[in-house]
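Listed below are the residues making up each chain.
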Amino acid sequence: MRLSDFAGTWRLTKRLHDRRAGVEGHFEGEARFTPAATGLAYEETGLLSLAGQRPLAAERRYLWREEAGRIAVDYADGRPFHEFDADNPAPLAEHLCAPDHYAVRYDFAGWPEWEAEWTVTGPRKDYLLRCRYSRSAS
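Residues numbered from 1 in each chain as written. Predicted model: local features only at pLDDT ≥ 70, side-chain atom pairs only at ≥ 80, totals over all residues. Heavy atoms only, no water.

A. Representation of the pairing of strand E6 (residues 80-85). Summarising the sheet, strand E5 (residues 70-75) and E6 pair through five bridges and their orientation is antiparallel. Within E6, the position partnered with valine 73 by the bridge is histidine 82. Taking the residues that link successive antiparallel strands as the turn, the E5-E6 hairpin has four residues, and the phi of glycine 78 there is positive, at about 95°. (Pairing = 2+ DSSP bridges. Helix = DSSP H or I, 4+ residues; strand = E, 2+ residues; numbered from the N terminus.)

B. Region of the structure containing the sheet that holds strand E3 (residues 39-50). Strands sit in the order E6-E5-E4-E3-E2-E1-E10-E9-E8-E7 across an open sheet of 10 strands; the sheet is antiparallel. Among the strands making up the open sheet, the edge pair consists of E6 and strand E7 (92-97). Ignoring strand direction, the axes of neighbouring strands in this sheet form an average angle of 20°. Pairing analysis gives six bridges linking strand E4 (residues 56-67) to E5, with the strands arranged antiparallel. In the sheet register, glutamate 66 faces E5, and the bridge partner there is isoleucine 71. (Axes fitted to C-alpha atoms, helices over the stretch in contact; angles between N-to-C directions.)

C. Looking closely at unusual backbone geometry. Here alanine 98 and proline 99 are connected by a cis peptide whose omega angle stands at 10°. Considering the arrangement of structural elements, one finds proline 99 in the loop between E7 and strand E8 (100-107). Cis peptide bonds are those with omega within 30 degrees of zero, and the linkage from tryptophan 111 to proline 112 qualifies with 20°. Relative to the helices and strands, proline 112 resides in the loop between E8 and strand E9 (114-121). In the Ramachandran plot, alanine 68 falls in the positive-phi region, its phi being about 55° despite a non-glycine side chain. On the secondary structure map, alanine 68 appears in the loop between E4 and E5.

Geometry only, nothing functional implied.
Dropping the structure here:
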């Protein structure tokens, strides 16, 4: 898999299970990978709905770049977030945001549809987040 394979617009759905708060939620929106100086700028926008609450506008930004056969994902401000093996159809990655631990399992086996499943644990957080990407018609 090459970084350029991600370029374009993706439909994005997320399912959230917050074990600590006992809350379920979902996100509907899109993710865009657009050319940037060092790779692809990632921007996701959409609506986050949590049980019993009004939907909220939500967004995230990252920078994805190729580095020695891997894909590195940085925060929008350039701080490292995680990286994964671009040739593995089901790579794993981790990020320690002390004291919490983020683990992600990507699944590219059904490309061009793909998934990212986040398990976040620690004294402040305990949730599972499943993200599903599919090419947007727009």
